[in-house]
Amino acid sequence: MMFRKERNVNSNAAIDAMTSGTSSEAVDLPGIPVHIRINDRIAPVDLAPESTVGVRWWFDVADDNADVVDWRSYQIIVTDHPLSGETIWDSGRRDYAGESNVVLDGLELPASTRYWLAVRVWDADGRVSAWSEPVTFGTGAGEHWRAAPIWVPDDAAAPGNVDETAEFDLPEETEVATDDSFFVGDKKAADEHNSRGWAFLRGLAALPDKPIAWATLNVTASSTRAARQFVYRIWVNGTFVGYGPTFPIGDEARYDGYDVTGLLHAGSNAIGAIAYTVEDQRFIAQLDVRFADGETAHYGTGPDWRALPGTAVYPDSASVGTQYFEAPAENVQARNYPFGFATPEFDDADWTPAAVRGDFAMLLPTPTDKPTVQYHVPASSRLTDDGHLILDFGRTWEGGVRITLSAGHGPADLKIRYGEVLNPDGSVKWHLSAFNNYEDTWHLGDGTTATTMETWGLRVFRYVEIIPSVDSAEAVRRLADGVADSDRNDGAAADADDRVEAAALIYPFDRSAASFTSSNATLEAVWNFCRNTMEATNGNIYADSWTRERAPYEGDAWLQQHAHLAVDDAPALAEYSVDWLIANRTWPTEWPLYLILAAHDAWMRTGSTRQIAGQYDRLVALLPAKHLDEASGLIVKDPGESSHTDGDLIDWPPVERDGFVFGRVNTVINALSSQTFADMADIAAALGHDDDASRFARIAARMRAAMHERLYDAEAGAYVDGLTNDASGERIAHHSLHASAFALAFGQLPAEQRGPVGAFLRGKGMACSVYAASVYLAGLYAAGFGADATALIAARDGLRTWTNMMDKGAGATMEAWDVANKPNTTYSHPWAASPAYLLPEGLLGIRPTAPGYATFEVRPQLGGAGERGAVDSAAATVPTVRGPITVRAEHVTAGGAGVPAAGAGADAGAVRVTIDVPDHAEATVLTPEGTVSTEHLAAGHHELVL
């Protein structure tokens, strides 16, 4: 392994400020700072060198019965050791100014550096809290890599024989179509020799026998392009560390940094990776180790690493991809698999020296948290009469399976089929609707030794079917017994000798961060369905779906961000995804416009100006100014063609457009455009671009006024789809749901138009796609038609409902309401999970009114007695950068406990609202009709009756 070292011995006196909050002041403030985030991330160790560091936290009062702590000042200390060491940076005691991120001004961040940070706070009376637990952070290698990219030499031998003679007794299947009628462009042919993409790589690092202060492993590989997925998985001393990289924004390669301090020991340490790509085959890793005596050593990939081609382990196979990407089925030959290759004692005599490849032109850190692997037992299982094991994991996961078999099971040649749903006969639908064929064949040996094998790549599934060869029935019976034990013990037998688990690839997700309950059980089921979708399908970048396209899209990212931030305080993934899309636009007219909305929404929810400031000029360039007609103030453009650049989308698939008629003035495009100019006006004002702010605000106001004058049909109480030729053209004599829904959501309707438009939409029902439904429902809630929106979310009848998705067996939200609406539908689209935010933000009305929830409003819309969509109660917790906001609203009887009698200020329709306001936030409570009830509710618990 390539090795470099340097020495930097501390000369300052050590301090012990982080162990117990030692200070001349007594610790007498109950609670402690928790949930510390650094640049919106959890303990990042791969920050860009010399970057700015921002810190935020929540304050947790230890005693649930204690009063709210109104902390007013803070101290942040940074040291080079978690318990003692040199003080690198100290804020001293500072007054808190209300910012959502405290910037550590002046902190130097050279490459390959690690620090620890702790926080304490004071209240107005001078009482001080204990120090928080130390949180680590640091930088990656930056531009200072002491490593060379490597891969398997082209002429390397692949020891081992491939034996695929196992016989499977499978029923004949009808030929399955592979053409996707929605795909536009050349079909991607499967690579007949995709085994050449597999590489096993390993290196050793000999560490001296002295204490380690910290260790960071920096890793990346290329290319993510062909398979549209990660390229490497990496282990240290036999322990899995992570996988990556994510998609680069441009020509750079994105590297990930992992904290591996606890995995190292004195002597020989092994780093092992399995990589797959058929393009630009390069892998690079650097282990940075800081010892307690101040020495830093660097161990990097180079010619002393060893390599093994994977062709005999993963022979040529079919693709599990679609017309959009190619990824190999994993027909693994366990007899050739180098078990233990990531441990120091492994014998790699049959391996060859790694080949050094060309340097990466640019290496940049990935500014997101690091996804990992979780293991989940099946929710249920059954062994069929013909010996097939059918597993239902109860929900969708991305990744694959881990199979563990003890010795003595006999031959284990297994076909593993993954599916998002089941076939009518109960088997797994492994020929997916999106035309993936999810089938792997694992040859796990003769059973003389225990074996554990895990999927390397990415499949999206709820169901798994394991089919034995004619000689492998005993192995599957053992797996069935192990799974059944897990079923009976609610997962307690997950360490059984024989078992199958989902090996799920998960972006860090806090399931306790958000909650939603309601007197309507269907609403709860839909919210949980959507929350689970966000947990399982975020990936390492927002993608339309990891099943069919594996690609980000702007409108999808806007929706996914909104849902993600409503269920977890994790904005870094959203920020990177939107940055990626700003640089890599897709085709519809509307899609780039959503990036402005996404950047504005992220700023309002996080309070961070990092993205809107860094991307300001690019965001301005996304405005539809080139289509702005100066005379009328409207957007005028040719509608273009679907699936072509600057083609108006309206909705997708086309069957969901409610008969929309296209014209050169398009009501949907104008409504959305008006919101982009309004949002850019807000952004410009926040950044001090006052002239831009005034100009954008004028354009938005004029566009909206022109819409209301020219596109609203008072007789119909609805908006027409547009105008025929230009701003002076004739009205199109059609009123789609979309024209009125987008106008309601984005157009700031005059008060006198809201009632008729609401009534018109009520008569339409859900005449749109899952995508357009998010805009439609948000507009209904914002305009005060909450019961109508809630009724549509809770609906149990018809195709166009979330319950229909669940009834069809989907484990995550679908791209279309039903496969009948879109034959190539996939069952794994996170952007379709809009109820995750619609219910807390609409039904309960929890919405930021100032950046970072410095101020927010609560407007419950439970609906009136007997009204369609009305609920008796609802409650939600929304995580924010300032802490969780919890709101409960319930109908109460006048004159009941704590409720005024009907003649004393309340009627029989009173609503009791309880609100927990986080630190340094202020709430305004509105009535269901939208008038102010109570203002300036400070941090703490509040209860009032509307």
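Before any of the text, the structure's been laid out above.
Residues numbered from 1 in each chain as written. Predicted model: local features only at pLDDT ≥ 70, side-chain atom pairs only at ≥ 80, totals over all residues. Heavy atoms only, no water.

Peer 1: Explanation requested: the overall build of the protein chain in the structure shown.
Peer 2: A count of helices and strands for the protein chain gives 15 helices and 43 strands. Over its C-alpha atoms the protein chain spans a radius of gyration of 29 Å, differing by no more than 12% from the 30 Å that the globule rule assigns to 946 residues. Based on the C-alpha atoms only, the size of the protein chain along its principal axes is roughly 85 × 80 × 60 Å. A buried classification covers 61% of the 946 residues belonging to the protein chain. Taking the intrachain contacts of the protein chain between residues at least 6 apart in sequence as the baseline, contacts between residues at least 24 apart amount to 74%. Working note: accessible area of the protein chain is about 33900 Å², and carbon and sulfur atoms make up 48% of it. (Helix = DSSP H or I, 4+ residues; strand = E, 2+ residues; numbered from the N terminus. Rg over C-alpha atoms; globule rule 2.2 N^0.38 Å. Buried < 20%, exposed > 50% of the residue type's maximum accessible area, 1.4 Å probe, protein only. Contact = heavy atoms within 4.5 Å. Areas by Shrake-Rupley, 256 points an atom, 1.4 Å probe, with all protein chains shown as cover.)

Peer 1: What's the story with helix α8 (residues 667-686) in this structure? I'm lost.
Peer 2: Turn by turn, an α-helix covers 3.6 residues, leaving residues three or four places apart pointing in a common direction. Helix length check: α8, at 20 residues, gives a terminal C-alpha distance of 29 Å against a target of 28 Å (1.5 Å per residue), a fit within 8%. For α8, a buried count of 17 out of 20 residues is recorded, marking the element as mostly surrounded by other parts of the structure. Looking one or two places after α8, you find G688, whose phi comes out positive at around 85°. (Expected span 1.5 Å × (residues − 1).)

Peer 1: Explanation requested: helix α5 (residues 591-606) in the structure shown.
Peer 2: The first and last C-alpha atoms of α5 sit 23 Å apart over 16 residues, in line with the 22 Å expected at 1.5 Å per residue. In the segment just after α5, G607 is the residue with positive phi, at about 80°.

Peer 1: Which parts of the structure should I look at to understand the sheet that holds strand β2 (residues 32-38)?
Peer 2: Paired through their backbone hydrogen bonds, the strands of a sheet run either parallel or antiparallel. Spatially, the three strands line up as an open sheet ordered β2-β3-β7, and their pairing is antiparallel. A single partner strand is all that each edge strand has here, and the edge strands are β2 and β7 (102-103). Two strands pair when backbone bridges link them, and strand β3 (residues 54-60) and β7 are joined in this way by two bridges, in the antiparallel orientation. Considered in β7, the bridge of G54 is made with V103. (Pairing = 2+ DSSP bridges.)

Peer 1: Any chance you could explain the pairing of strand β14 (residues 239-244) here in plain terms?
Peer 2: Side chains on a regular strand alternate between the two faces of the sheet. With five bridges connecting them, strand β13 (residues 232-236) and β14 associate as antiparallel partners. What sits directly across from R233, in β14, is Y243. Following β13, the chain reverses through two residues before pairing antiparallel with β14; N237 in that reversal takes a positive phi of roughly 50°.

Peer 1: How should I be thinking about the pairing of strand β4 (residues 71-79) in this particular structure?
Peer 2: Among the nine residues in β4, eight count as buried, and that is most of the element. As defined by bridge partners, β4 adjoins strand β8 (residues 114-123) across eight bridges and the pair is classed as antiparallel. By the bridge assignment for β8, Y74 is matched with V121. Strand direction decides the pairing type here: β4 and strand β5 (residues 87-90), joined by three bridges, are antiparallel. Residue I77 lies in a different strand from β5, and its bridge partner there is D90.

Peer 1: Looking at this structure, I do not really get unusual backbone geometry. What am I missing?
Peer 2: Negative phi values dominate among residues other than glycine, just as trans dominates among peptide bonds. Note that the residue after S222, namely S223, is joined by a cis bond; omega there is 10°. Examined against the element boundaries, S223 turns out to sit in the loop between β12 (212-222) and β13. Following G244, the chain continues to P245 via a peptide bond in cis, the omega torsion being 0°. Positive phi is not limited to glycine here, since S112 has a value of about 50°. A positive phi angle, near 50°, is found at Q748, a position not held by glycine.

Peer 1: Would you mind showing me how to read the environment of P315 here?
Peer 2: Along the chain, the position of P315 falls in the loop between β19 (306-309) and β20 (352-353). Spatially, the C-alpha atoms of P315 and G909 are 69 Å apart, while their sequence positions differ by 594 residues. Discounting residues that sit within four places of it in the chain, P315 has contacts with V162, E164, N194, S195, N331 and Q333.

Peer 1: Is there a simple way to explain the nonpolar core in this structure?
Peer 2: Nonpolar side chains in soluble globular proteins generally cluster together in the buried interior. I403, I466, L777 and W802 are the most contacted members of the largest nonpolar core, which has 204 residues in total. Within the second largest apolar cluster, 33 residues are counted, among which are W151, L207, Y258 and A285. (Core = buried A, V, L, I, M, F, W, Y, C linked by side-chain atoms within 4.5 Å.)

Peer 1: Where do I start with the packing of aromatic side chains in this structure?
Peer 2: By convention here, two paired aromatic rings are described through the distance between centres and the angle between planes. In the structure shown here, the tally under the stated rule is 38 aromatic pairs. Centre to centre, the rings of Y337 and F339 are 4.7 Å apart; their planes meet at 45°, and the pair counts as tilted. Under the relative-accessibility criterion, Y337 is labelled buried at 16%. With a centroid separation of 6.2 Å and an interplanar angle of 35°, the aromatic rings of F516 and W527 are classed as tilted. On the criterion of sequence distance, the pair formed by F516 in strand β31 (residues 515-518) and W527 in helix α2 (residues 521-537) is long-range, its members being 11 residues apart. Residue class for F516 comes out buried when judged on its relative accessible area of 4%. Directly above the ring of F291 sits K210, whose terminal nitrogen or CZ lies 4.8 Å from the centroid. Over the ring of F168 we find K415; its NZ or CZ atom is 4.8 Å from the centre of that ring. (Phe/Tyr/Trp six-rings, centres within 6.5 Å; stacked < 30°, edge-to-face > 60°. Lys NZ or Arg CZ within 6 Å of the ring centre and 35° of its normal.)

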